[in-house]
Amino acid sequence: MRVVVFGATGYIGGRLVPELIAAGHAVRLMARSPEKLNDVPWRADVDVVRGDVTDQASVRAAVDGQEVLYYLVHSLVRKDFVTVDADAARLVGAQAADAGVRRIVYLGGLVPDAEELSPHLASRAEVGRILRDSGVPTAELRAAVILGSGSASFEMLRYLSERLPAMITPRWVKNRIQPIAVRDVLHYLVGSAELPAEVNRSFDIGGPDVLTYLEMMREYAVVAELPRRLVVPVPVLTPWLSAQWVNLVTPVPRSIAVPLMESLVHEVVCHEQDIAEYIPEPAGGLTGYRRAVELALARIRDLDVPTRWSDATSTPAPSDPIPSDPEWSGGTLYKDERRHDSDAPPEMLWEVIEAIGGETGWYSFPLAWSVRGWIDRLSGGVGLRRGRRDPRRLRVGEALDWWRVEDLERPRLLRLRAEMKVPGDAWLELSVEPRDNGGSVYHQRALFRPNGLAGHAYWASILPFHGIIFSGMARNITGQAAAQSEHFVVKQEKEHD
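Worth saying up front: this structure is predicted, and the values here are computed from it rather than measured.

### Some remarks on the overall build of the chain
Consideration 1: Within the chain, the regular secondary structure consists of 13 helices and 19 strands.
Consideration 2: Within the chain, the proportion of its 497 residues that are buried is 55%.
Consideration 3: Here the analysis covers contacts within the chain between residues at least 6 apart in sequence; of these, 74% occur between residues at least 24 apart.
Consideration 4: Carbon together with sulfur atoms contributes 52% to the accessible area of the chain, which is approximately 21,900 Å² in total.

Written out as structure tokens, the structure reads:
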């Protein structure tokens, strides 16, 4: 069938697209930043439309001629996400109906038996209702905790379990949860494309196991071969306070941790299993909790994590200035520029640049980077602990500690855009240029576009540290490239001898 996916650059969308291609569908994607898809292995197999779910013209262009629409969009990190998501769902539903789309598939959240839902869950349920009322038959799949390498729920569980041998937790850790493996979510999503035309309803989907969050942490410890975790539930920790703790201990920032925690206040267990009447279980049955954890840890261990929760973080509007714009386009633009010659060949220098961040670090004053990361976390930012998806290869749109890869022209240019809490916009550019007489030239630019007086004051306050941090960074990167180049030459000579 002809299928269009909204939200293909997110955690689930990035895994669903290759499954749809494998099932034989002709796939179109609508993405606000198509550049994010440049390096995915299936890029040549899909049609991409640039657009936004709040823009009628681009939505219409995306749904035109399509039979099935997958809606995987959620504005979780925005303060006004409830209004934005509802308006977007109405627009998409209306355009889909007008274009003759035959089926909408939406992934929402499992709705507990509660008089008052968290804003997060209430919004997901509202979006599902709007799409079902659009006139296009809609299958709303409702899932609780999704277990998979790189998912926000799994990363939160993983870091809490691994880093805290003993912890004080809120009493809701004893609430029951029915988690589901990401592979089973994808199975139901793909199968939903072929549901009968009269099906217009929600379906609860979950794995075979029902556990408390406390049991999930202890079972994780067993699978990961960790000592038994000591957990002391107390009644005073609210979801908001719990989220602050998660913000400090895990890579998941407060903006995402708060709605996740609020969703766990109530029991989230499937009320029905009606999906089985239409879509049979995967071969071998649904994935149990322990097996799901084993598979996720194996992916992490093998450096085979195709998508992460941080892939879906909101990006700047296309109209926002970038460092390559003319000087007059974005007002004041402060710069710190460095240039270093290197005897290492350009390809060796590029290897060092592309491997920056994560476990490798940033090649200068680690304590200063760490302190700045903690300050960012305490203020509700992402901090440094998002790490990187792959230790050697980057791709446009993915998170790299507190940066996001905005541009990647291998093996010449890497541009990172800061997602830390700062009064303005910040970039870091690292580039390589071949030297005429051999070797290479390393260029480094730190750029900052201030927002108001606070932005100008911020740049002035950090200026004294630039000489230490940025000069050391340039020196150490070129030094590392030279060392790797020398090691490579010595190794070749030994092999030749």
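### Topic: the pattern of salt bridges
Consideration 1: Summed over all chains, the structure comprises 30 salt bridges.
Consideration 2: A salt bridge links E140 to R132; its shortest N-O distance comes to 2.3 Å.
Consideration 3: Classification of E140 as buried rests on a relative accessible area of 0%.
Consideration 4: The partner of R339 in a salt bridge is D341, with the nearest N and O atoms 3.3 Å apart.
Consideration 5: Exposure remark for R339: the relative accessible area of 52% places this residue in the exposed category.
Consideration 6: In this structure D341 comes out as partly exposed when scored by relative accessible area, which is 43%.
Consideration 7: One continuous salt-bridge network, built from bridges that share partners, spans E406, R417, D425 and R449.

### Focus: the pairing of strand β5 (residues 103-109)
Consideration 1: Among the seven residues of β5, seven are classified as buried, and the element is accordingly described as predominantly covered.
Consideration 2: By the alternation rule, side chains of β5 split into R103, V105, L107 and G109 and I104, Y106 and G108, which are all buried.
Consideration 3: Pairing geometry for strand β4 (residues 68-71) and β5, over four bridges, is parallel. Looking across to β5, one finds that L69 is bridged to I104.
Consideration 4: With six bridges connecting them, β5 and strand β6 (residues 138-143) associate as parallel partners. Looking across to β6, one finds that G108 is bridged to R142.

### Considering the environment of M217
Consideration 1: Within the element layout of this structure, M217 appears in helix α7 (residues 213-223).
Consideration 2: Overall, M217 belongs to the buried group, its relative accessible area being 1%.

### Considerations on a nonpolar patch on the surface
Consideration 1: A grouping of F365, L367, V371, I375 and I468 is seen on the molecular surface, where their side chains present a nonpolar patch of about 460 Å² in accessible area.
Consideration 2: Per element, the largest residue contribution to the nonpolar patch is three residues, and it comes from helix α12 (residues 366-378).
Consideration 3: Residue placement: V371 occurs in helix α12.
Consideration 4: Residue classification places V371 among the partly exposed positions, given a relative accessible area of 41%.

### Quick notes on the packing of aromatic side chains
Consideration 1: This structure, assessed with the given rule, holds nine aromatic pairs.
Consideration 2: Look at W362 and W403: their rings are 6.2 Å apart centre to centre, the planes differ by 45 degrees, and that puts the pair in the tilted class. Residue W362 is found in the loop between α11 (346-354) and α12, and its partner W403 is found in strand β16 (residues 403-409); the two are separated by 41 residues along the sequence. We note that W362, like W403, is buried.

### Focus: the sheet that holds strand β15 (residues 399-400)
Consideration 1: Pairing is antiparallel across the open sheet formed by six strands, whose spatial order is β14-β19-β18-β17-β16-β15. In the strand order of this sheet, the two ends are held by β14 (334-342) and β15, each with one partner.

### Some words on unusual backbone geometry
Consideration 1: Geometrically, the link from R410 to P411 is a cis peptide bond, its omega value of 0 degrees lying close to zero.
Consideration 2: For Y363, which is not glycine, the phi dihedral falls at a positive 65 degrees.
Consideration 3: Relative to the elements of secondary structure, Y363 occurs in the loop between α11 and α12.

### Observations concerning the sheet that holds strand β2 (residues 26-31)
Consideration 1: Reading across from one edge, β3-β2-β1-β4-β5-β6-β11 is the order of the seven strands in this open sheet, with parallel pairing throughout. Of all the strands in the sheet, just β3 (46-50) and β11 (201-204) have a single pairing partner and so form its edges. In this sheet, adjacent strand axes meet at a mean angle of 20 degrees when their direction is disregarded.
Consideration 2: Across the face of the sheet, helix α6 (residues 182-192) comes into contact with β4, β5 and β6 while running at roughly 155 degrees to β5.

### Some points on the packing of helix α2 (residues 56-63) against helix α3 (residues 81-99)
Consideration 1: The geometry of α2 relative to α3 is characterised by a closest axis approach of 9 Å and an angle of 45 degrees between their N-to-C directions. The angle between the axes of α2 and α3 places the two elements in the oblique class. As α2 packs across α3, the resulting crossing turns out to be right-handed. Within the contact between the two elements, α2 uses Q56, V59, R60 and V63 and α3 uses L91, V92, Q95, A96, D98 and A99.
Consideration 2: Looking at side-chain class alone, the contact of α2 with α3 contains six nonpolar, two polar and two charged residues.

### Remarks on the nonpolar core
Consideration 1: With 40 residues, the main nonpolar core has V5, I12, L29, Y70, L107 and L189 as its most contacted residues.
Consideration 2: Those elements that provide at least two residues to this core are β1 (2-6), α1 (11-22), β2, β3, β4, β5, β6 and α6.
Consideration 3: When residues of this core are assigned to their parent elements, the largest contribution, six residues, is made by α6.
Consideration 4: With residues near it in sequence (within four places) discarded, L107 still touches I12, Y71, L72, R124, L141, A143, I146, V185 and L189.

Calculation notes
Residues numbered from 1 in each chain as written. Predicted model: local features only at pLDDT ≥ 70, side-chain atom pairs only at ≥ 80, totals over all residues. Heavy atoms only, no water. Helix = DSSP H or I, 4+ residues; strand = E, 2+ residues; numbered from the N terminus. Buried < 20%, exposed > 50% of the residue type's maximum accessible area, 1.4 Å probe, protein only. Contact = heavy atoms within 4.5 Å. Areas by Shrake-Rupley, 256 points an atom, 1.4 Å probe, with all protein chains shown as cover. Salt bridge = Lys/Arg side-chain N within 4 Å of Asp/Glu carboxyl O. Pairing = 2+ DSSP bridges. Patch = residues over 30% accessible without salt bridge, like charges linked within 9 Å, V, L, I, M, F, W, Y side chains within 5 Å. Phe/Tyr/Trp six-rings, centres within 6.5 Å; stacked < 30°, edge-to-face > 60°. Axes fitted to C-alpha atoms, helices over the stretch in contact; angles between N-to-C directions. Parallel < 35°, antiparallel > 145°, perpendicular 65-115°, else oblique. Left-handed = near helix turned anticlockwise from the far one by under 90°. Nonpolar A, V, L, I, M, F, W, Y, C, P; charged D, E, K, R; others polar. Core = buried A, V, L, I, M, F, W, Y, C linked by side-chain atoms within 4.5 Å.

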